[in-house]
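Fold and contact review
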Amino acid sequence: MKVTFWLLDVNSESKEGAVELWIWGIDQAKNRVLIVDHSFQDYFYVVVKDDADPAKVADRIRREMGDAVGKLETVERRYFGVPVQAVKVYCRDKGKVAKLVRSLEGVKECLEDDIRVSIRYLIDNNVVPCSWHIVEATAEENVLQVRADKVYAANSPPVLLDKTEAPQLRTLSNYLTAYSHEGSPKPDRNPVIIISTVTGEGKEKQFSADEDKDDKQIIQEFSNYVKTYDPDLISGYGTNTKDWNYLRDRCKSLKLKLALDRACSTPHTSVYGHKSLTGIVNLDLADFADQFPEVKVKTIENLADHLGVMILENRTVVEDVDLAAYWDNPEKRATLKQFALDNAHCIKDITAALLDFAMQLSALVSLPLDHVMTAAAGFRTEWFLIKRVQKLGELIPKRIEQPYLSYAGGLVLKPKPGLHEDIAVLDFKSMYPNLMIAYNLSPDTYLLPDQKTPAGGFYEAPEVKHRFRKEPPGFYKEILTYLIGVRANIRSQMKNLGRDTVEFRVLDARQKAVKVITNAAYGYAGWIGARWYRKPVAEAASAWGRYTIQTAIQMAEKEGLQVIYGDTDSLFTTYDEKKTAALVKEIKQELGLEVETAQRYVRVFFTEAKKRYAGLFPDGSLDIVGLEVMRGDWSKVAQKVQTGVLKIILKEKSPEKAAAYVQAEIAELRQRKTPFRDLIIWKTLTKPVEAYEVNASHVEAAKALKAKGWKLAVGDKVGYVIVQGEGQLYKRVKPYIYASYGEVDVEYYVSKQVVPAAARILESFDIDEKMLLAQKGKTEKEKSLLEFAGS
DNA sequence: GCGGAGGGAGTACCG
DNA sequence: ACCGGTACTCCCTCCGCG
């Protein structure tokens, strides 16, 4: 019979030496199905030495390996664009076989023995996660005892269908609360007290260790609930690094088996640090957070706020330090439970907001939904390349350890400091991808210095002189052309749709996914961890980029436009309707690259520094770039004051008024009227606390937290305030959760936060830190401000 | 023994 | 565990200082 299904998850199982592919899906009648494919033959390649006969190498493999290998095929492939002869070796234990075969005569190397079988299956059969397929299959008894409505054996591999909309998934969002009197809860000692869940339809269920219940019972109840509700997708926040480990370890202490997935097995660690639940998509929303660089401290609250899904604006947030006290206090316990439930709701809503993108990215790069978000950008790009490049006969290189070598990147111009009126920002559209297309820059087109000139000729990059063959097109060119085309196509479709339609949302998610991969191709080529690492590819792209921007500057100046600033692929110039249009046209003609006037500023402000400026848009909004306002490691109070200063400068052009504003804010701060929260400074721990070479504030704060029993991991953000005291700054640091407003060193915030942030801007108008700091009475202040005005 | 200069460590940004 | 270019703060060593 034929089964049409949407692919949810895939895993491989070893059964008596044979491999089975388990494909989990949802069919058109909304049955949850498991399709088992027994027929897939795993394989790897043996690349043959240039002077060796592949047939003889194949014979040798057969003779030496005997039954350990199955079918052998001699094939032609390409490796970094160079044609090679290879033997395709079908076998069960390819890692082991490849190791043995490597030393045989005539063998150059073994390739693709490091590709996992489940991924191999997806790629070779063009089976795509988060997509619809049709498969010829035979219904089977559920002898495997899995949680599925139907179980089938596949008679042939599934065939991809051109059908886009995803089925309605059953989702369950969870928030785990564990009890600890001091510091982070420890699973061997501290119980789980609340498990809060919300389904995709909004049905709440909270398992709470009240009265007569212990955590063994609530974990069991939760586990049973998962089995009855049978979610397709489970989401949480920080679950891969925390919750699942906690549950696992807690269950170990309680002698409980945590078996809630569709194959009744325990969550297990998979690639990229992901926790795998067989047959269920396990999403950790923390893996999505890097999509939102504007959210500096990645808490559930902040993410929900940013996405506009926070349910209650004035809810009581229970900090980790206060959690035990809330639980122990009969009057406060309900508040804690409400807080936990609200978090589960936030997780549900964040999941809904991000799922489209995740699905599109999963389908695009062909990694299962729950792997794709955990995988770092480089790996996502790599899997996409692997899938596309197979079709061109290109073999997949191994990841090899390489020494790091730096190279020159983009060109950054010195800005013209001060205020500028009516400025246009010209941006090269997808500059690096388009340069790589234009000059056929690709890992498989690069000519080594000693390689002779190819018949079709070559492109030579400026400055660095790397050469790339013109013909045939490299795989970067093919892939990037495809991606840019797809994105343009999607965006034109979107123009005919309402913003709030399902189709628009899905297309928008898809174009974002396509963009992510397009933009990562350049960085990928220069990444030493890349399988297709080719430094000259990245180096040539940036060299062409510098050449391009320099040429564009000359064109602008010849046109009579003044260049104010530029960074890598952008130019800030004075605006003149005709001249600007002429420049855009000339760039297109001479350089073959598209330029768009991305923005126009009514007014824009620069200091002497690169990568830091602020502009005023025609609609009255501010665009602040690089300055303290944009940085998560400055206190809110400093950011607020700097924003105020920029607003006054850009809109009213009045440094005097701005200075007066700063002084008023300083007065507020000195009276401790500024909210305590606005004084917190957040910094990331980028290594273990012991590994730091010099003393640093955030490290001291981290040590203090650890001393109190808090677990801190690399990558965590530490929030601290500066308190009164003697000596270096790092000796006057307190984690904000343990600090009171009374001990805060307000003068630090005045002199090292607010004033520098304000002076950064105002020094351009001859108002320095001293003037901002000058203590004076009301009349005197006004007098001195008048002096500024007069000078 | 002390203060300031300047290099280095550390973080986070821009494109 | 995608790249290089950049700004900025604070730590810490070292040098001069009759």
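Values in this document were obtained by computation on a predicted structure and should not be read as measured data.

1. Considerations on the packing of helix H8 (residues 333-365) against helix H13 (residues 502-525)
Close contact between H8 and H13 brings their axes to 8 Å; oriented N to C, the two are set at 50°. Our classification of the angle between H8 and H13 gives oblique. In terms of crossing hand, the pair formed by H8 and H13 is right-handed. Counted together, Asp356, Phe357, Gln360, Leu361, Leu364 and Val365 of H8 and Arg505, Val506, Ala509, Arg510, Lys512, Ala513, Val514, Val516 and Ile517 of H13 form the full contact between these two elements. A breakdown of the residues in the contact of H8 with H13 according to their chemical character gives 10 nonpolar, one polar and four charged.

2. Focus: the sheet that holds strand E27 (residues 681-684)
Reading across from one edge, E27-E28-E29 is the order of the three strands in this open sheet, with antiparallel pairing throughout. With partners counted over all chains shown, the strands left at the sheet margins are E27 and strand E29 (733-735), one partner each. For this sheet the average axis-to-axis angle between neighbouring strands, irrespective of direction, equals 45°. Pairing of E27 with strand E28 (residues 717-722), which is carried by four bridges, proceeds in the antiparallel orientation. Counted as the bridge partner of Thr684 is Lys717 from E28. Packing against the sheet, helix H18 (residues 697-707) makes contact with E27, E28 and E29, and its axis sits at approximately 105° to E28.

3. Remarks on a negative patch on the surface
Taken together, Glu763, Asp766, Asp768 and Glu769 make up a surface patch of like negative charges. Assignment of secondary structure puts Asp768 in the loop between helix H19 (746-762) and helix H20 (769-773).

4. Re a positive patch on the surface
Taken together, the side chains of Lys429, Arg491, Lys495 and Lys515 define a basic patch exposed on the protein surface. Here Lys429 lies in the loop between strand E18 (418-428) and helix H11 (431-438).

5. Comments concerning the packing of aromatic side chains
Under the definition given, this model contains 31 aromatic pairs. Considering the side-chain rings of Tyr225 and Tyr229, the 6.1 Å spacing of their centres and the 25° angle between planes classify their relative orientation as stacked. Taken together, the residues Tyr225 and Tyr229, both in helix H4 (residues 215-229) and four residues apart, mark about one turn of the helix. Neither residue differs from the other here; Tyr225 and Tyr229 are each classed as buried. With a centroid separation of 4.9 Å and an interplanar angle of 50°, the aromatic rings of Tyr565 and Phe606 are classed as tilted. Remark: Phe606 occurs in strand E24 (residues 595-606) and Tyr565 occurs in strand E22 (residues 563-566); sequence separation between them is 41 residues. Overall, Phe606 belongs to the buried group, its relative accessible area being 0%. The rings of Tyr565, Phe572, Tyr601, Phe606, Tyr613 and Phe617 are connected pair by pair, giving a single aromatic cluster. A cation sits over an aromatic face here: Lys163 above Trp132, 3.7 Å from the ring centre. Directly above the ring of Tyr482 sits Arg388, whose terminal nitrogen or CZ lies 4.0 Å from the centroid.

6. Describing the sheet that holds strand E13 (residues 204-208)
Sheet architecture is open: five strands sit in the order E13-E12-E11-E14-E17, paired in mixed fashion. Of all the strands in the sheet, just E13 and strand E17 (281-284) have a single pairing partner and so form its edges. Adjacent strand axes in the sheet meet at a mean angle of 20°, parallel and antiparallel pairs treated alike. As paired elements, strand E11 (residues 171-178) and strand E14 (residues 233-236) share three bridges and run parallel to each other. In the strand pairing of E14, Thr171 is matched with Leu233. Set on the sheet, H4 makes contact with E11, strand E12 (192-199), E13 and E14; between it and E12 the angle comes to about 15°. Lying over the sheet, H8 contacts E11, E12, E13, E14 and E17, oriented at roughly 40° with respect to E12.

7. What about the protein's contact with DNA strand C?
Close contacts around DNA strand C come from 29 residues, with Tyr404, Tyr407, Gly409, Lys610 and Asn695 the closest. The side chain of Arg612 places a nitrogen or oxygen atom 3.3 Å from a phosphate oxygen of DNA strand C. Between Tyr748 and DNA strand C, the recorded distance is 3.1 Å, taken from a side-chain N or O atom to a phosphate oxygen. Those elements that place two or more of their residues in the surface near DNA strand C are helix H10 (377-390), H13 and H19. Broken down by class, the residue content of the surface near DNA strand C amounts to 16 nonpolar, eight polar and five charged.

8. Here we look at the nonpolar core
Nonpolar side chains in soluble globular proteins generally cluster together in the buried interior. If you look at the biggest cluster of nonpolar residues, it comprises 148 residues, and the most contacted ones within it are Ile219, Leu336, Leu369, Met436, Leu441, Tyr476 and Trp532. Here the element with the most residues in this core is H8; it accounts for 16 residues. Among the nonpolar cores identified, the runner-up in size contains 55 residues, and Leu646, Val662, Leu669 and Leu685 belong to it.

9. A closer look at the protein's contact with DNA strand B
Near DNA strand B lie 21 residues; those nearest to it are Asp569, Arg631, Thr686, Tyr692 and His698. Of all atoms in DNA strand B that approach within 4 Å of the protein, 91% are sugar or phosphate atoms. Take Tyr692: an N or O atom from its side chain is 2.6 Å from a phosphate oxygen of DNA strand B. Within the backbone of Glu693, a nitrogen or oxygen atom sits 2.8 Å from a phosphate oxygen of DNA strand B.

The rules behind the values
Residues numbered from 1 in each chain as written. Chains lettered and ligands numbered in written order. Predicted model: local features only at pLDDT ≥ 70, side-chain atom pairs only at ≥ 80, totals over all residues. Heavy atoms only, no water. Axes fitted to C-alpha atoms, helices over the stretch in contact; angles between N-to-C directions. Helix = DSSP H or I, 4+ residues; strand = E, 2+ residues; numbered from the N terminus. Parallel < 35°, antiparallel > 145°, perpendicular 65-115°, else oblique. Left-handed = near helix turned anticlockwise from the far one by under 90°. Contact = heavy atoms within 4.5 Å. Nonpolar A, V, L, I, M, F, W, Y, C, P; charged D, E, K, R; others polar. Pairing = 2+ DSSP bridges. Patch = residues over 30% accessible without salt bridge, like charges linked within 9 Å, V, L, I, M, F, W, Y side chains within 5 Å. Areas by Shrake-Rupley, 256 points an atom, 1.4 Å probe, with all protein chains shown as cover. Salt bridge = Lys/Arg side-chain N within 4 Å of Asp/Glu carboxyl O. Lys, Arg positive; Asp, Glu negative; His and termini not counted. Charge placed at Lys NZ, Arg CZ, Asp CG, Glu CD. Phe/Tyr/Trp six-rings, centres within 6.5 Å; stacked < 30°, edge-to-face > 60°. Buried < 20%, exposed > 50% of the residue type's maximum accessible area, 1.4 Å probe, protein only. Lys NZ or Arg CZ within 6 Å of the ring centre and 35° of its normal. Near = heavy atom within 4 Å. Polar contact = N/O pair within 3.5 Å; in protein donor to acceptor, adjacent residues only side chain to side chain. Core = buried A, V, L, I, M, F, W, Y, C linked by side-chain atoms within 4.5 Å.

Read these as spatial facts, not as claims about activity.
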